[in-house]
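In case you want the letters, here they are:
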Amino acid sequence: MTHWHFVIAAYAVTGMGTLGLLLASLIEMIKAEKSILSLEQ
Amino acid sequence: LHFLANPTRFLRIAKPLTLWLTTIGLAMLLYGCLAGLTQTPPDYLQGETVRIMYVHVPTAWLGMAGWSGVAIASITQLVWRHPLAAIAANAVAVPGAVFTLLCLATGSIWGRPTWGSWWEWDGRMTSMLVLLFLYIGYIALANAERETGNSGKTTAIFGIVGAINIPIIHGSVIWWKSLHQAPSITMRGSAISSEILWPLGFTMAGFTCLFAAIVLMRMRAVLASTKLEARMRRMATESAR
């Protein structure tokens with residue numbers, strides 16, 4: 001394996017982990033705030 | 001700090017801040033990663049693998065800074081009884097654990113071509129693994145206390161005691177013989193050439209902004225759920241009358 005394979009693997013793992021966490025937190029927040037709004041209406 | 005004790009006041013600041021931190025964080029991270037992959041020369045010893053530094057160092061910093069945040073919020077919760085401190089500490093734990101895991105994964109990937117080994121039981125890697133276990137224990141304890149309706153005091157004490165691991169992680173490469181290099185960036189300057197170092201500033205700032213945005217999102221989710229639960233309880237009491 002060349003050095004680039006390791007570099008790509010490290011960036012892919014970090015990218016997936018960070019974006020996954022960001023999206024999961026965003027969805028959780030939107031869902032929770034939407035449920036409050038729908039109850040108020 | 002007490003200015004933010006009121007959840008309504010906190011939300012007024014947190015809502016626009018979440019969007020700004022996410023946008024700035026993503027832009028800086030994208031630029032830093034692209035620059036790190038295309039604009040810097042390979043290292044004379046490590047070759048192209050030095051580029052892993054631009055994602056590995058920020059994840060290590062956030063894993064450690066995350067637990068420092070947990071400890072500070074726990075002290076604030078116990079000493080000043082700040083109403084948002086426990087929520088903040090719990091909101092930091094999951095992203096802190098994820099970034100510690102990413103640090104261990106990228107470090108392992110970097111170790112294979114550099115040291116010829118995916119894993120070594122040396123001071124730095126072992127203390128970082130201990131940090132991951134501390135995060136997992138903290139999350140489990142916080143969930144258990146929430147389910148049993150406890151105040152979260154035990155979780156806060158665990159958060160403070162666990163902070164003992166942070167100086168151990170920092171000192172591990174100085175105190176013990178390790179394959180891991182000694183700190184390259186200190187208060188006295190950097191041992192890394194500036195032509196290789198500069199994208200690290202962008203990825204550090206980008207990851208930190210995203211971490212802060214994620215913590216705010218998780219805090220907002222908990223505040224909304226708490227508000228919903230309280231309102232449902234009130235509605236149930238009113239309909240029972």
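Up top is the structure.
Just so you know, these numbers come straight off a predicted model, no measurement behind them.

Before going further, it helps to examine the overall build of chain A. Scanning chain A from N- to C-terminus turns up 1 helix and 0 strands. Along the first, second and third principal axes, the C-alpha set of chain A runs to 60 × 5 × 5 Å. The buried share among the 41 residues of chain A stands at 32%. About 2500 Å² of surface is accessible on chain A, with carbon and sulfur atoms providing 73% of the total.

End to end, helix H4 (residues 123-148) of chain B covers 37 Å across 26 residues, agreeing with the expected 38 Å (1.5 Å per residue, within 8%). After H4(B) finishes, the residue B:Gly149 shows a positive phi value of roughly 75°.

Quick look at the pattern of salt bridges now. Residues and elements named next belong to chain B. Under the counting rule described, the total for this entry stands at 4 salt bridges over all chains. The partner of Arg-51 in a salt bridge is Glu-48, with the nearest N and O atoms 2.7 Å apart. The partner of Arg-233 in a salt bridge is Glu-229, and the shortest N-O contact between them spans 3.8 Å. Here the residue Arg-233 and the residue Glu-229 both occupy positions in helix H7 (residues 194-240), the gap between them amounting to 4 residues, near one helical turn. Arg-233 sits in the exposed class, given a relative accessible area of 54%.

Looking now at the interface of chain A and chain B. Accessible area lost during the coming together of the parts is what is often quoted as the interface size. Each partner contributes residues to the interface: chain A has 24 residues there, and chain B has 39 residues. A buried area of about 2900 Å², summed over both sides, lies between chain A and chain B, and 80% of it is on carbon and sulfur atoms. For chain A, the biggest contributors to the area lost against chain B are A:Phe6, A:Tyr11 and A:Leu21; these three give 22% of the whole. The interface formed by chain A and chain B contains 2 salt bridges. Close ionic contact of A:Glu28 with B:Arg218 constitutes a salt bridge, the shortest N to O distance being 4.0 Å. One can count 5 residue pairs in polar contact (both at pLDDT 80 or more) joining chain A with chain B.

Okay, the environment of B:Leu84 next. You can see B:Leu84 is positioned in the loop between helix H2 (53-79) and helix H3 (85-115). In this structure, the C-alpha to C-alpha distance between B:Leu84 and B:Ala156, residues 72 residues apart in sequence, is 13 Å.

Attention shifts here to the nonpolar core. Membership of the largest hydrophobic core comes to 64 residues, with the highest contact counts inside it found for B:Phe10, B:Ile52, B:Trp67, B:Phe99, B:Met128, B:Leu131 and B:Met219. Elements with a minimum of two residues in this core: helix H1 (3-40) of chain A together with helix H1 (7-38), H2, H3, H4, helix H6 (165-175) and H7 of chain B. Beyond its immediate chain neighbours, meaning those up to four positions away, B:Phe99 contacts A:Thr18, A:Leu21, B:Thr59, B:Leu62, B:Gly63, B:Phe207 and B:Phe211.

Reading the values: rules and limits
Residues numbered from 1 in each chain as written. Chains lettered and ligands numbered in written order. Predicted model: local features only at pLDDT ≥ 70, side-chain atom pairs only at ≥ 80, totals over all residues. Heavy atoms only, no water. Helix = DSSP H or I, 4+ residues; strand = E, 2+ residues; numbered from the N terminus. Buried < 20%, exposed > 50% of the residue type's maximum accessible area, 1.4 Å probe, protein only. Areas by Shrake-Rupley, 256 points an atom, 1.4 Å probe, with all protein chains shown as cover. Expected span 1.5 Å × (residues − 1). Salt bridge = Lys/Arg side-chain N within 4 Å of Asp/Glu carboxyl O. Contact = heavy atoms within 4.5 Å. Buried area = accessible area lost by both parts, 1.4 Å probe. Polar contact = N/O pair within 3.5 Å; in protein donor to acceptor, adjacent residues only side chain to side chain. Core = buried A, V, L, I, M, F, W, Y, C linked by side-chain atoms within 4.5 Å.

Geometry only, nothing functional implied.
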